[in-house]
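# Summary of the model geometry
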Amino acid sequence: MASRRLPARPVRFADDARNATYWARIERIVDSAPELSPEQRLRIRAAFQPAAREAA
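Attention in this report is confined to the structure presented alongside it. (Residues numbered from 1 in each chain as written. Predicted model: local features only at pLDDT ≥ 70, side-chain atom pairs only at ≥ 80, totals over all residues. Heavy atoms only, no water.)

### Concerning the packing of aromatic side chains
The line we're drawing: Aromatic rings from Phe, Tyr and Trp, with only the six-membered ring used for Trp, were paired whenever their centres fell within 6.5 Å, and each pair was classed as stacked if the ring planes differed by under 30 degrees, edge-to-face if by over 60, and tilted otherwise.
Counting across every chain of the model gives two aromatic pairs. Between the aromatic rings of phenylalanine 13 and tyrosine 22, the centroid separation amounts to 5.6 Å while the plane-to-plane angle is 75 degrees, which identifies the pairing as edge-to-face. Ring centres of tyrosine 22 and tryptophan 23 lie 5.0 Å apart, and the angle between their planes is 85 degrees; on these two criteria the pair is classed as edge-to-face. Taken together, Phe13, Tyr22 and Trp23 form an aromatic cluster joined through their ring pairs.

### Points about the side chain of asparagine 19
Just so we agree on the cut-off: Helix numbering and strand numbering both begin at the N terminus, where a helix is a DSSP run of H or I of at least 4 residues and a strand a DSSP run of E of at least 2. Each residue is assigned to one of three classes by its accessible area relative to the maximum for its type, calculated with a 1.4 Å probe on protein chains only: buried under 20%, partly exposed between the two thresholds, exposed over 50%. Throughout, a residue-residue contact means that at least one pair of heavy atoms, one from each residue, lies within 4.5 Å.
As for its position among the elements, asparagine 19 is in helix 1 (residues 16-32). Judged by relative accessible area, which is 13%, asparagine 19 ranks as buried. Beyond its immediate stretch of four places on either side in the chain, asparagine 19 contacts Pro10, Val11, Arg12 and Phe13.

### Describing the pattern of salt bridges
Cut-off, in case you're wondering: For salt bridges, the criterion is a side-chain nitrogen of Lys or Arg within 4 Å of an Asp or Glu carboxyl oxygen.
Taken as a whole and judged by the stated rule, the model has two salt bridges. Among the salt bridges present, the one from arginine 9 reaches glutamate 27, with a minimum N-O distance of 2.5 Å. In this pair, arginine 9 is assigned in the segment before helix 1 and glutamate 27 in helix 1, connecting sequence segments 18 residues apart. When its relative accessible area of 37% is taken as the criterion, arginine 9 is described as partly exposed. Note on glutamate 27: relative accessible area 36%, which makes it partly exposed.

Structure representation (C-alpha cells):
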C-alpha cells in the first residue's frame, strides 16, 4: 500500500508555535471523527465533480 502524503498546510498564523498548535488541534478533531460510510464518501466525491458544480 502506498503511503499517502498530506498536502502542505497553509500558514494560518505568523507565529510558528501558534500555527503548530492550531494544526495539532485540527488533527485531533479529524482523528476523533467516525469513519465515513461508502455512501457518505460518494456524496462528498460527487459534490466536487465539475459537472455537479456547474449544475448547482
